[in-house]
Amino acid sequence: MTNLRSIQLSNYIRERGSCTIAELKEAFKVSHATIHRDIASLVGEGKLRRVRGGVTALPEAEAQNAEHAVYSRYQDRIDRNREAKIAVAKKAVGRIEDGDIIFLDSSTTVYYLAKELQAASFSNLTVITNSLLVIREFPLFPTGYFLVALGGNYDVQLNAFLGAATLADLDRLKIGKAFLSALGAAPAGFFSRHENHSYFLRRVLEIADDSYLLLTADKFGKSGLFDIGPLSALSGLITDAEPPGYVPARLC
């Protein structure tokens, strides 16, 4: 959602107190999928609350507190191990070429890759993502970039769209190179703590011609509740340090 429509939609609902989905579709001349995606974004930011059949505006003080809490939580994740993530992102840019169709996941490590791409000089690049952070910042990308934003159910913990609708969007697309991160990597594979997230990234691995795992050194040896895939499913591993011996040599 563009920043302008975000402001317009928030103001429209705040002026009326509450609105139905049908009313918002008509007022903003957008599709059912688009208005649901826009609403999910604003709910995730703590600006609106879902009610049966529509949405309602939050009291101003409550909205400000919710927005601050969401921002602080994600900012903490983004700032954690920042220099290592930037180092990984800079290496990852070297795997991208003009004309590529790339996928960027919703991890904070890949978010730093998105920041590097904002300053890159590619003349033609297609970016597919389910990350709300990347979607919101896309106006900052060079004009030769094209965005495909995956919709679905908004997951506030991951700041991303996931679920059946997201998978349906994904299955219609071709991905040349996928860039993703994980909770950790171990001899058995790489992992997530979120079930829907692991299912989604597993499908990305199946669709993409090449898949690259971006991982800072502190995540080696860590596993999670849900596996995303074996290390053998990857085309490459991009890290800020020498990887452990269990990582296949061809990935480095």
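Nothing here was measured: the structure is a model prediction, and the numbers come from that model.

A closer look at the packing of helix 2 (residues 21-28) against helix 3 (residues 32-44)
A pair of packed helices can be characterised by two numbers: the angle between their axes and the separation between those axes. One can describe the packing of helix 2 onto helix 3 by two numbers: an axis separation of 10 Å at closest approach and a directional angle of 105 degrees. As summarised for this structure, helix 2 and helix 3 are arranged roughly perpendicular, according to the angle between their axes. Contacts from Ile21, Leu24 and Lys25 of helix 2 reach helix 3 at His32, Ile35, His36 and Ile39.

Remarks on the packing of aromatic side chains
Taken as a whole and judged by the stated rule, the model has seven aromatic pairs. An aromatic cluster of at least three residues, connected via ring pairs, comprises Phe138, Phe141 and Tyr145.

Structural notes on the sheet that holds strand 9 (residues 177-180)
Strands in a sheet are paired, the pairing made by backbone hydrogen bonds, and the direction either parallel or antiparallel. What the six strands build is an open sheet, ordered 6-5-4-9-12-14; its pairing is parallel. Looking along the sheet, the strands with just one partner apiece sit at the ends: strand 6 (145-149) and strand 14 (236-239). Ignoring strand direction, the axes of neighbouring strands in this sheet form an average angle of 20 degrees. Sheet topology note: the strand 12 (residues 210-215)/strand 14 ladder contains four bridges and is parallel.

Notes on the sheet that holds strand 13 (residues 226-229)
Pairing in this open sheet of three strands is antiparallel, and the strands run 10-11-13 from one edge to the other. Because the sheet does not close on itself, it has two edges, and the strands there are strand 10 (184-186) and strand 13. In this sheet, adjacent strand axes meet at a mean angle of 40 degrees when their direction is disregarded. By the bridge criterion, three bridges tie strand 10 to strand 11 (residues 189-192) in an arrangement that is antiparallel. Bridged to Ala185 within strand 11 is Phe190. Packed on one face of the sheet, helix 9 (residues 195-207) meets strand 11 and strand 13 and runs near 10 degrees to strand 13.

The rules we used
- Numbering of residues starts from 1 in each chain and follows the order in which that chain's sequence is written.
- The predicted nature of this model means local features are confined to residues of pLDDT at least 70 and side-chain atom pairs, given and counted, to a pLDDT of 80 or more, with totals for whole chains, interfaces and linings taken over all residues.
- Calculated side-chain values reflect all of the structure's heavy atoms, with hydrogen atoms and water omitted.
- Axes here refer to lines fitted to C-alpha atoms; in helices the fit is confined to the stretch in contact. Angles between the N-to-C directions go from 0 to 180 degrees.
- Runs of E in the DSSP output that reach at least two residues are strands. Runs of H or I that reach at least four are helices, and both are numbered from the N terminus.
- The scheme is simple: roughly parallel for angles under 35 degrees, roughly antiparallel for over 145, roughly perpendicular for 65 to 115, oblique for anything else.
- A contact between two residues is defined here by any heavy atoms of the two lying within 4.5 Å.
- Centres within 6.5 Å are what make two rings of Phe, Tyr or Trp a pair, Trp counting through its six-membered ring; a difference in plane orientation under 30 degrees is then read as stacked, over 60 as edge-to-face, and the rest as tilted.
- We treat two strands as partners when DSSP finds at least two bridges between them.

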